[in-house]
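What follows is the residue order along each chain.
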Amino acid sequence: MDASLETPKPSLLKNVALGIAQILLWGGSYFILSVLAEPIMKETGWTYQMVYGCLSVSLLVSGLLLPSIGKLISSSERNFVLQYAGVVMALGLTVLGLSEHFLLFLLGWTIIGVAMGMGLYDALFASIGKNYGEHTSKAIVQVTLIASLAPTISWSLVSMLESSFNWRTTCFIYAAILLLTIFPIHSYVFPSAKSTAANPHEGNQKKAGTKELYRSKIYYLLLINFTLGAILTTGIVVHLIDILLDKKLAMATVLSIVAFLGPSQAGVRVLNLVLSNITPVKTAIVSAFASVAGILLFFLDPRGAFLGVIFFGMGNGMRSILRGTLPLSVFGQEHYAVMIGQLARLPLIAQALTPFAGGFLIQQFGVTVFLYAFLLLACINIILCYMIRKALLQQKTDQESILVERIPTDVSLSS
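The rules we used
Residues numbered from 1 in each chain as written. Predicted model: local features only at pLDDT ≥ 70, side-chain atom pairs only at ≥ 80, totals over all residues. Heavy atoms only, no water. Helix = DSSP H or I, 4+ residues; strand = E, 2+ residues; numbered from the N terminus. Buried < 20%, exposed > 50% of the residue type's maximum accessible area, 1.4 Å probe, protein only. Contact = heavy atoms within 4.5 Å. Areas by Shrake-Rupley, 256 points an atom, 1.4 Å probe, with all protein chains shown as cover. Core = buried A, V, L, I, M, F, W, Y, C linked by side-chain atoms within 4.5 Å. Expected span 1.5 Å × (residues − 1). Phe/Tyr/Trp six-rings, centres within 6.5 Å; stacked < 30°, edge-to-face > 60°. Axes fitted to C-alpha atoms, helices over the stretch in contact; angles between N-to-C directions. Left-handed = near helix turned anticlockwise from the far one by under 90°. Nonpolar A, V, L, I, M, F, W, Y, C, P; charged D, E, K, R; others polar. Salt bridge = Lys/Arg side-chain N within 4 Å of Asp/Glu carboxyl O. Parallel < 35°, antiparallel > 145°, perpendicular 65-115°, else oblique. pLDDT = per-residue confidence, 0-100. Patch = residues over 30% accessible without salt bridge, like charges linked within 9 Å, V, L, I, M, F, W, Y side chains within 5 Å.

I would appreciate a short explanation of the overall build of the chain in the present structure.
Of regular secondary structure, the chain possesses 19 helices and 0 strands. Relative to its 415 residues, the chain shows a buried fraction of 50%. Taking as baseline every contact in the chain between residues at least 6 positions apart, the subset at least 24 positions apart corresponds to 82%. As displayed, the chain offers around 19,600 Å² of accessible surface, 67% of which is attributable to carbon and sulfur atoms.

In structure tokens, the structure reads:
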């Protein structure tokens, strides 16, 4: 193999830089309303549903764009998608800060949705997979380990800015931070690739192969698995305080229990680094069982609720890694960027709708019915993980059979 074509290895410094970029991008989109929603509602008079509905619109936009973004990352030599994610998000935050009318506020969140599709996990994993090949899994684990600090760091930063200024100035300052950091970080980690001669016939074969993968059984199994995982994570995390308050716990106790969520997600990613020989499929099975255990513990004695948060956090921490490593192990590097974008659309749409569906279940039937519904989904996810494992084993057996059948032909031709 030509040395110039060898897959580069990711360095720890570059992975730390990507983790910092993810903290800032998640903080400027998904987590920023946790701090700013209240002052926004107080100043503008907009309702809770109006403000958080904009975040759902943002997630929908992101989900609809991701298949195209995946194809763009796969086909382009220069990784301008990630590089300009911070610029687009900064534009969205600036529009938020300037918005005196709700439609302008909604436009700002629509722009942020474009940036989320360009710069959050799915686009990042596609870029890492394209550049690092067989070294992708280790890079994803290291980056997500650092990015697991996003809620803690971003909430602290945004709270400090909002308490010193106001929510509009906070948006402007955060936009400036994104402009100064994201482009340089992604330009440093993913420099322009060297030009290679393109073969049109080879490109057509690659497109045809990708279309076949869309129709495969294992693609649909992964799609359903990822969608259920997104619903479970969003539903439980968004309504976690409601679940714990239903146990007649004091708010101070609830907040102290919720604090275990972030460390448990980070801890399981450290464990994943140590036990790097575990396959993504086995990790998926362990993640599914951990999520079920977490939900089951919410039914038990209130004093054990913190164990439920820990187990569910562990399952969710593994799921974040699996979003990148499982498609790579199934489809390989050649189709990875395209497939990860395709697999992200439905989960993000489901994620956008889950808070409304979960809120309806809790308001109409109570927390217990909500937990039973999510427990059922979590159990279905376990079955799906075993079906994925069986499909992969069958795929491996079929490939080995094809190789065995070819050997006599090759031997006879050589003789």
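Mind showing me how you'd approach the nonpolar core here?
One broad trend across soluble globular proteins is that nonpolar side chains are buried collectively. Of all hydrophobic cores here, the largest spans 71 residues; its most connected members are Trp109, Ile128 and Leu178. Among the elements that line this core, the one with the most residues is helix α10 (residues 167–189), at 8 residues. Apart from the residues within four sequence positions on either side, Ile128 is in contact with Leu18, Gly133, Thr136, Ala139, Ile140, Val143 and Phe190. Core analysis: the next-biggest nonpolar cluster, separate from the first, contains 47 residues, Ile218, Leu261, Leu371 and Ile382 among them.

Teacher, can you tell me more about helix α12 (residues 217–238) here?
Residues spaced three or four apart along an α-helix point in a common direction, a consequence of the helix completing one turn every 3.6 residues. Between its first and last C-alpha atoms α12 spans 32 Å; for 22 residues at 1.5 Å apiece the expected length is 32 Å, and the two agree. α12 sits mainly inside the fold: 17 of its 22 residues count as buried.

Any chance you could explain the packing of aromatic side chains here in plain terms?
The geometry of two aromatic rings is summed up by the distance between their centres and the angle between their planes. Taken as a whole and assessed by the stated rule, the structure comprises 16 aromatic pairs. Look at Phe31 and Trp155: their rings are 5.8 Å apart centre to centre, the planes differ by 85°, and that puts the pair in the edge-to-face class. Of this pair, Phe31 sits in the loop between α1 (12–27) and α2 (33–44) while Trp155 is found in helix α9 (residues 150–164), placing the two residues 124 residues apart along the sequence. Phe31 sits in the buried class, given a relative accessible area of 15%. Judged by centre distance (6.5 Å) and plane angle (80°), the rings of Phe289 and Tyr386 are edge-to-face. Note that Phe289 is positioned in helix α16 (residues 280–299) and Tyr386 in helix α19 (residues 367–414), a separation of 97 residues in sequence. For Phe289, a relative accessible area of 41% puts it in the partly exposed group. On the basis of relative accessible area, Tyr386 is assigned to the partly exposed category, the value being 41%.

Is there a simple way to explain the packing of α12 against helix α18 (residues 336–365) in this structure?
Axis angle and axis distance: for two packed helices, these are the angle between their axes and the distance between the axes, and together they describe the pair. Running from amino to carboxyl end, α12 crosses α18 at an angle of 35°, the nearest separation of the two axes being 8 Å. For α12 against α18, the interelement crossing comes out right-handed. Taking contact as the criterion, the partners of Tyr219, Leu222, Leu223, Phe226, Thr227, Ala230, Ile231, Thr234, Gly235 and Val238 in α12 are, on α18, Met339, Gln342, Leu343, Leu346, Pro347, Ala350, Gln351, Thr354 and Pro355. Classifying every residue of the contact of α12 with α18 by side-chain character gives 13 nonpolar, 6 polar and no charged.

Quick question: what am I supposed to make of the pattern of salt bridges here?
If charged atoms from side chains of opposite charge come close, those side chains can pair. Considering all chains together, one arrives at 4 salt bridges under this definition. Arg323 is paired through a salt bridge with Asp122; the nearest N and O atoms lie 2.8 Å apart. Highlighted residues: Arg323 in helix α17 (residues 305–331) and Asp122 in helix α7 (residues 121–132), separated in sequence by 201 residues. What makes Arg323 buried here is its relative accessible area of 16%. When its relative accessible area of 9% is taken as the criterion, Asp122 is described as buried. Taken together, the shared-partner salt bridges connect Glu43, Glu100 and Arg168 into one network.

Is there a simple way to think about the packing of helix α3 (residues 48–75) against α7 in this case?
The geometry of α3 relative to α7 is characterised by a closest axis approach of 10 Å and an angle of 20° between their N-to-C directions. Between α3 and α7, the angle falls in the class roughly parallel. Pair α3 / α7 crosses with right-handed handedness. For the pair formed by α3 and α7, the contact residues are Leu66, Ile69, Ile73 and Ser74 on the first element and Asp122, Ala123, Ala126, Ser127 and Lys130 on the second. Residues of the contact of α3 with α7, tallied by class, amount to 5 nonpolar, 2 polar and 2 charged.

How should the confidence of the model for the chain be read in this particular structure?
Keep in mind that low pLDDT regions are not for reading the predicted coordinates in detail. When the pLDDT values of the chain are averaged, the result is 82; 86% of them are 70 or greater. Across residues 193–206, where pLDDT falls below 50, the model places 7 contacts with residues more than four positions away in sequence or in other chains. Within the model, the stretch residues 411–415 combines pLDDT values under 50 with 0 contacts to residues more than four positions away or in other chains.

Help me understand a nonpolar patch on the surface in this model?
A contiguous nonpolar patch, built from Leu72, Phe80, Tyr84, Val87 and Leu179 and spanning about 390 Å² of accessible area, is present on the exposed surface. Following the sequence through the fold, Leu72 ends up in helix α3. Given the relative accessible area of 35%, Leu72 is considered partly exposed.

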